[in-house]
Amino acid sequence: MTAVRTHRSAEEIGRTERGPRELPALGRTRPVPLPEVVTGTLPNGLTVIAARRPGVPLVETVLRIPAASPADSADAGWTAGMELVAETMLTGTASRDRVGIDDELAGVGGELGVGVDPEWLQIGGSALASGLPVVLDVLADVLTGATHPDDEVLRERSRLAERIAVARAQPRTVAREALMRKRFGDHPIVSEMPTAAAVAEITPDRVRELHAGTVVPGGARLVLVGDIDPEAAIAEVTARLGDWSGAHPARRLSPPPAPAAGDLELVHRPGSVQSQIRLTAPGLDRTDERYTAFQLANLVFGGYFSSRWMENVREDKGYTYGAHSGQEFVPGGAVLGLDVDVASDVTAAALLETRYELGRMIAVPPTEQEVESARRYAIGSLLISLDSQSALAGTLSALDAVGLGVEWLRDRPQRLEAVTVDEVAEAAAQLFAPARFTGVVVGDAEAIGSRLAALGGVSLR
């Protein structure tokens with residue numbers, strides 16, 4: 001009995017007897033649906049940014065407090081202490097224990113989480129819009145009265161040490177730390193993860209001391225996005241956080257030095273069957289007039305799945321599951337990063353192809369078709385990324401941290417539409433030149449060292 005086909009393949013759907021179906025023209029880009037944003041600054045120095053975004057009866061909360069180390073160089077002790085501040089901030093106050101905090105937030109469908117990096121201490125979460133006063137009450141209590149109980153600090157200290165041990169066994173962690181040192185030397189920004197030894201030395205008293213000295217309102221920024229009245233929300237914040245005080249403003253992280261071009265460093269990881277290739281160069285901040293052209297040039301090179309680099313090392317050569325290029329924003333600027341993981345036996349070949357693709361960005365500039373594809377991807381991704389309250393809150397908070405507001409987002413699609421192919425090609429030639437890059441290769445030096453040495457431009461640490 002012959003089976004009856006019940007569907008057509010994608011190839012069959014895309015073709016007719018006369019040839020491939022003609023794709024319809026892309027429609028005009030719709031404006032980004034962004035709300036008006038209201039900003040107010042309390043007498044204690046806390047800035048509040050509120051936006052009404054109805055649709056679901058929720059409110060997103062993002063509080064950023066500058067939390068830089070006072071040291072001029074990387075400080076493992078500071079990083080360890082701040083990690084424990086973040087881990088235990090929600091474990092109790094004079095009037096609420098851990099369970100009480102969780103129960104009170106749960107009563108309004110809410111949750112809060114705390115994270116920290118070398119630049120910021122961040123507290124964020126969501127709740128029913130009607131529960132915003134409760135969330136602010138809990139937040140105020142935690143900011144001004146967290147007790148960091150001894151038993152909680154000791155418990156989290158043990159857990160943190162275990163997580164660090166697991167993380168440091170991962171090749172990506174080794175590569176990240178090596179790359180950050182290569183980029184910025186001993187600047188405090190490189191202290192993203194403490195050592196287990198530094199964590200072991202942190203006492204509960206030290207955690208409480210760090211909280212008192214770091215969790216201050218001067219320079220802190222609170223973003224609220226949701227089904228709220230912005231003016232009323234700012235009034236609620238004033239009523240509940242207006243008494244939050246600090247002896248000094250929060251400490252901002254100083255700008256790190258720009259990465260200097262030079263040889264890659266080979267970081268020996270004995271027995272590794274894979275290599276992590278990480279290249280880096282100075283990037284562009286969002287205020288640079290070339291930023292939009294650079295964004296599209298980056299997409300053409302390695303910023304999305306249809307990029308040149310991905311097509312080469314994954315689709316054509318089969319060296320990796322994925323290769324990606326993109327920017328990280330740092331105080332005072334940005335850094336461009338390229339990352340790919342490959343098997344040890346193709347490390348030199350993958351590095352060669354990466355250098356080839358960088359050079360091709362100059363010798364064979366992005367074509368009109370490549371730029372148009374990247375343009376549509378960038379605009380579509382932007383619209384999708386702002387579709388939810390949480391995404392909008394996170395984006396507004398990140399932009400505010402570098403002095404930009406909602407208007408930068410509102411005008412973004414028009415800038416992406418206006419940039420020309422020639423401008424993208426010029427940005428590609430300026431910013432993807434192979435001579436601008438440095439970086440690291442993490443792998444088994446005995447397996448990959450000789451070929452990398454023969455290839456050139458790689459030195460063993």
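These figures come from a predicted structure and were not determined experimentally.

**Here we look at the sheet that holds strand β13 (residues 438-443)**
Right, so step 1: Read from one edge to the other, the open sheet built from 6 strands follows the order β11-β12-β10-β13-β9-β14, with strand pairing classed as mixed. Looking at the sheet topology across the chains shown, the edges are occupied by β11 (323-330) and β14 (458-460). With direction set aside, neighbouring strand axes in the sheet form an average angle of 25°.
Right, so step 2: The pairing of strand β10 (residues 274-282) with strand β12 (residues 333-343) spans 9 bridges and is classified as antiparallel. The residue bridging Ala281 from the neighbouring strand is Leu336, located in β12.
Right, so step 3: Sheet strands in contact with helix α6 (residues 171-184) are β9 (264-268), β10, β11, β12 and β13, and its direction is about 155° off that of β13.

**Quick word on the packing of aromatic side chains**
Right, so step 1: Summed over the entire model, instances satisfying the criterion amount to 6 aromatic pairs.
Right, so step 2: With a centroid separation of 6.2 Å and an interplanar angle of 50°, the aromatic rings of Tyr291 and Trp408 are classed as tilted. A residue pair is termed long-range when its members are at least 10 positions apart, and Tyr291 in helix α10 (residues 291-303) and Trp408 in helix α15 (residues 406-410) qualify at 117 residues. Comparing Tyr291 with Trp408 shows no difference in burial state: the two are buried.
Right, so step 3: An aromatic cluster of at least three residues, connected via ring pairs, comprises Phe294, Phe301, Trp309 and Phe432.
Right, so step 4: Between Arg286 and the ring centre of Trp408, over which it is positioned, the NZ or CZ distance is 6.0 Å.
Right, so step 5: Across the ring face of Trp408, the terminal group of Arg415 is positioned such that the distance to the ring centre comes to 5.0 Å.

**Section: unusual backbone geometry**
Right, so step 1: The phi dihedral of His148 falls on the positive side, at around 45°, and the residue is not glycine.
Right, so step 2: Inspection of the secondary structure puts His148 in the loop between α4 (132-145) and α5 (150-168).
Right, so step 3: Under the relative-accessibility criterion, His148 is labelled buried at 0%.

**Remarks on the environment of Gln369**
Right, so step 1: Relative to the assigned elements, Gln369 resides in helix α13 (residues 368-385).
Right, so step 2: A residue is classified by how much of its surface remains accessible, and Gln369, at 63% relative accessible area, is exposed.

**Side note on the UniProt feature "domain: Peptidase M16 C-terminal" (unreviewed entry) in the protein**
Right, so step 1: In this structure's numbering, the residues bearing the UniProt feature "domain: Peptidase M16 C-terminal" (unreviewed entry) are residues 202-376.
Right, so step 2: With 41% helix and 22% strand, residues 202-376 has its two end C-alpha atoms placed 50 Å apart.

**Some points on the pattern of salt bridges**
Note on pairing: side chains with opposite charge can pair once their charged atoms come close.
Right, so step 1: Summed over all chains, the structure comprises 32 salt bridges.
Right, so step 2: Here Arg208 ties to Asp205 by a salt bridge, and the two come within 2.8 Å at their closest N and O atoms. Taken together, the residues Arg208 and Asp205, both in helix α8 (residues 204-214) and 3 residues apart, mark about one turn of the helix.
Right, so step 3: Under the relative-accessibility criterion, Arg208 is labelled partly exposed at 27%.
Right, so step 4: Among the charged side chains, a salt-bridge network with shared partners connects Arg98, Glu152, Arg155, Glu156 and Arg159.

**Re the nonpolar core**
Right, so step 1: Leu296, Leu409 and Phe432 are the most contacted members of the largest nonpolar core, which has 62 residues in total.
Right, so step 2: Among the elements that take part in this core, α10 stands out by supplying 8 residues, more than any other.
Right, so step 3: In terms of nonpolar packing, the next biggest core, distinct from the first, is built from 53 residues, Leu46, Ala140, Val142 and Leu210 among them.

**With respect to the packing of helix α12 (residues 347-363) against helix α18 (residues 445-455)**
Right, so step 1: Their axes nearest at 8 Å, the elements α12 and α18 cross at an angle of 30°. Judged by the angle between their axes, α12 and α18 are roughly parallel. On the side of α12, the interface is formed by Thr347, Ala348, Leu351, Leu352 and Arg355, while α18 contributes Ile448, Arg451, Leu452 and Leu455.
Right, so step 2: Of the residues assigned to the contact of α12 with α18, the class counts are 6 nonpolar, 1 polar and 2 charged.

**Quick notes on the pairing of β11**
Right, so step 1: As paired elements, β11 and β12 share 8 bridges and run antiparallel to each other. Paired with Glu328 across the bridge in β12 is Val335.
Right, so step 2: What sits between the antiparallel neighbours β11 and β12 is a turn of 2 residues, in which Gly332 has the positive phi angle 85°.

Conventions and cut-offs
- Throughout, residues of each chain are indexed from 1 in the direction in which the sequence is written.
- Side-chain atom pairs in this predicted model are given and counted only at pLDDT of 80 or more, local residue features only at pLDDT of at least 70, and totals for whole chains, interfaces and linings cover all residues.
- Hydrogens and waters are ignored; side-chain quantities use all the structure's heavy atoms.
- We call two strands paired when DSSP finds no fewer than two bridges between them.
- Helix and strand labels come from DSSP, where a helix needs a run of H or I of at least four residues and a strand needs a run of E of at least two; each type is numbered from the N terminus.
- Here the axes come from fitting lines to C-alpha atoms, over the contacting stretch only for helices, and the angles between their N-to-C directions go from 0 to 180 degrees.
- Should any heavy atoms of two residues lie within 4.5 Å, those residues are counted as being in contact.
- Between the rings of Phe, Tyr and Trp (Trp by its six-membered ring), a pair exists once the centres lie within 6.5 Å; its type follows the angle of the planes, with under 30 degrees stacked, over 60 edge-to-face, and the other angles tilted.
- Remark: exposure states derive from per-residue accessible area (1.4 Å probe, protein chains only) relative to the maximum for the residue type, with buried under 20%, exposed over 50%, and partly exposed in between.
- Placement of a positive charge over a ring is assigned whenever Lys NZ or Arg CZ falls within 6 Å of the ring centre and within 35 degrees of the normal to the ring plane.
- UniProt positions are given in the numbering used here, feature names are shortened, and annotations may be inferred rather than shown by experiment.
- A pair is scored as a salt bridge if a Lys or Arg side-chain nitrogen falls within 4 Å of a carboxyl oxygen belonging to Asp or Glu.
- Throughout, nonpolar core names a set of buried Ala, Val, Leu, Ile, Met, Phe, Trp, Tyr and Cys residues whose side chains join them through atoms within 4.5 Å.
- Note that the term roughly parallel is reserved for angles under 35 degrees, roughly antiparallel for angles over 145, roughly perpendicular for angles of 65 to 115, and oblique for everything else.
- Gly is placed with the polar residues, together with every amino acid not listed as nonpolar (Ala, Val, Leu, Ile, Met, Phe, Trp, Tyr, Cys and Pro) or charged (Asp, Glu, Lys and Arg).

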